Number of protein chains: 2
Amino acid sequence: MKKMADGGASTLERRSGVAIWRQIADDIRHGIARGTFDEGGRLPPETALAERFGVNRHTVRSAIAALVHEGVLRSEQGRGTFIERRKRLSYPIGARTRFSDGLRDQTSARRGHLLDHAVEGANPRVAAALGLAEGAAVIRMETMSEADGRPVSRATSWFDAARFPGFAEAYAETGSITLAFKRFGVGDYFRKSTLVSARHADNADLDDLHLAPGAIVLVAVALNVDDAGTPVQFAETRFAADRVELSVATEARNER
Amino acid sequence: MKKMADGGASTLERRSGVAIWRQIADDIRHGIARGTFDEGGRLPPETALAERFGVNRHTVRSAIAALVHEGVLRSEQGRGTFIERRKRLSYPIGARTRFSDGLRDQTSARRGHLLDHAVEGANPRVAAALGLAEGAAVIRMETMSEADGRPVSRATSWFDAARFPGFAEAYAETGSITLAFKRFGVGDYFRKSTLVSARHADNADLDDLHLAPGAIVLVAVALNVDDAGTPVQFAETRFAADRVELSVATEARNER
DNA sequence: AAACATTTGTGCGTATGTATG
DNA sequence: TCATACATACGCACAAATGTT
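A word on helix 3 (residues 57-70) of chain A
All names here are of chain A.
Working step 1: Here helix 3 contains 14 residues, and its C-alpha end-to-end distance of 20 Å stays within 8% of the 20 Å for a straight helix at 1.5 Å per residue.
Working step 2: Within helix 3, the full set of buried residues consists of Thr 59, Val 60, Ala 63, Ile 64, Ala 66, Leu 67 and Glu 70. Looking straight down helix 3, one finds that the buried residues subtend no more than 155° of arc, so they occupy a single side. Residues of helix 3 that are exposed and point more than 90 degrees away from the buried face comprise His 58 and His 69.
Working step 3: Elements that come into contact with the buried residues of helix 3 comprise helix 1 (20-34), strand 1 (42-43), helix 2 (46-53), strand 2 (73-76), strand 3 (80-83) and strand 7 (150-160).

Here's the deal with the confidence of the model for chain A
Working step 1: Scored by pLDDT, chain A comes out at a mean of 83, with 85% of its residues at no less than 70.
Working step 2: Low confidence marks residues 252-256 of chain A, where pLDDT is under 50. Its contacts with residues over four positions away, or in another chain, come to 7 contacts.

Comments concerning the sheet that holds strand 2 (residues 73-76) of chain B
Residue and element names in this part refer to chain B.
Working step 1: The strand order across the open sheet built from 3 strands is 1-3-2, with neighbouring strands paired in antiparallel fashion. Two strands in the sheet have a free side with no partner beyond their single neighbour: strand 1 (42-43) and strand 2.
Working step 2: For strand 1 and strand 3 (residues 80-83), the ladder comprises 2 bridges, and the chain directions are antiparallel. Within strand 3, the position partnered with Leu 43 by the bridge is Thr 81.
Working step 3: In the packing of helix 3 (residues 57-70) onto the sheet, contacts are made with strand 1, strand 2 and strand 3, and the angle to strand 2 comes to roughly 115°.

Some points on the packing of aromatic side chains
Residue and element names in this part refer to chain A.
Working step 1: Tallied over the entire structure, the rule returns 20 aromatic pairs over all chains.
Working step 2: Where Phe 159 meets Phe 167, the ring centres are 4.1 Å apart and the plane angle is 25°; that geometry is what we call stacked. When sorted by exposure, Phe 159 lands in the same class as Phe 167, which is buried.
Working step 3: Put simply, the rings of Phe 159, Phe 164, Phe 167, Phe 181, Phe 184 and Tyr 189 touch in pairs and so form one group of aromatic residues.

Calculation rules
Residues numbered from 1 in each chain as written. Chains lettered and ligands numbered in written order. Predicted model: local features only at pLDDT ≥ 70, side-chain atom pairs only at ≥ 80, totals over all residues. Heavy atoms only, no water. Helix = DSSP H or I, 4+ residues; strand = E, 2+ residues; numbered from the N terminus. Expected span 1.5 Å × (residues − 1). Buried < 20%, exposed > 50% of the residue type's maximum accessible area, 1.4 Å probe, protein only. Arc of directions from axis to C-beta. Contact = heavy atoms within 4.5 Å. pLDDT = per-residue confidence, 0-100. Pairing = 2+ DSSP bridges. Axes fitted to C-alpha atoms, helices over the stretch in contact; angles between N-to-C directions. Phe/Tyr/Trp six-rings, centres within 6.5 Å; stacked < 30°, edge-to-face > 60°.

In structure tokens:
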């Protein structure tokens, strides 16, 4: 009989290039997000975890130390180890998705930053997406968003520099992609497509999103178009996978 | 100036619990999927890679060995190292997504397997999704799909046992969810919602999808409903993140 | 207050894995 | 292949903090 999807402790892999303590840390983090450790927000004692995973207590302690550093757990001598952060944010994706919307109801505080911007020649990928010639001038914007004081996503966006000169400045002033578009006469825009993939966080992600090495980022590559169907924004957003999930709502339409 | 999104070699992290050779392997695999090594399907010489990553050639060789073992690369004495597998499959998600459709155009051979099935009591998560009472009898189906001889996804599905008695057998006979539903009078069904997240592969995933420890799975939790909007299938699908990306197509509709 | 159980924190010695040259 | 340095994992022991009897 195959193991069930809601299943228990997984066996650990030695000589895999991934340290046992890190595999255990990932397992515990996953279990927390899933609600496996729901006994009063308290993690089982180190000795119990060591036995469950079949490792030395030191190894469990290394895993816990990593999660404490991430802000997932908090240890108190003599009392135990407690869960600090539990749930993931759910980020909606749909035809009318705005990168600045969506998380509003779920968090008390949410902010977006413009980290950097520049005008440069479009590489083949960007040119193809925006329907421009390779090397055409595009504006690249590096932005970040936070929720409840923790970084959530990190995005790189490209815009046609000929059509939207000074877009980054408009975004910096208004703090909103939608408002910045309005300045250029784009009253409405739609999400045409989104490609979702996942990979290990690279060094820039680790830095920007405050992640531990080996962490995972969800990558959403999106194309926004205006009323006429002309591409206006191409964006690659990296989400911290342990803090965010993407929600694809497909309203049932009566087509056939 | 911040690093560009299409950027080059990321710095490697020591003491991170993830061996340098594995970080390099992940980086190379990611680069291949992204098309960075497009010089005739040939990987740069080990010495060049060692210099690029700033490590010893032994370490690069460990990374390459792991990727050869995974089937991503192939080394030939005196000739070089070559790329075996290149692109990711793009898996569409939309209102009319079928788990058995979608990849048809992209691969030569595609198959689905029923690994296991059982009738059991619905846990709170499943019960809530299917709109049943907790503990109500549900059919759990464990399935797997392959493309071009390599495992692509691994799914766990739940169905109302009272409404669909013997669903697993119907699926096994027809090889199709759609046809199995037809037997129970469900002529059409829709994807109502999909939650996408990512995590490290657990031991069951590693085994089923032939992944290396530390690998990533994309997790899609989906709810299918019938014409009347009644939930008929709740499913959690795990995709090998280095072989699959999810594509969310949101056709521009003229709603406002 | 004192004794005890529980739990986290620390030190040390050893074997193996990882990375360099 | 060999030698070297460091990281990882183990086993055992004990200290420190907390809570209970």
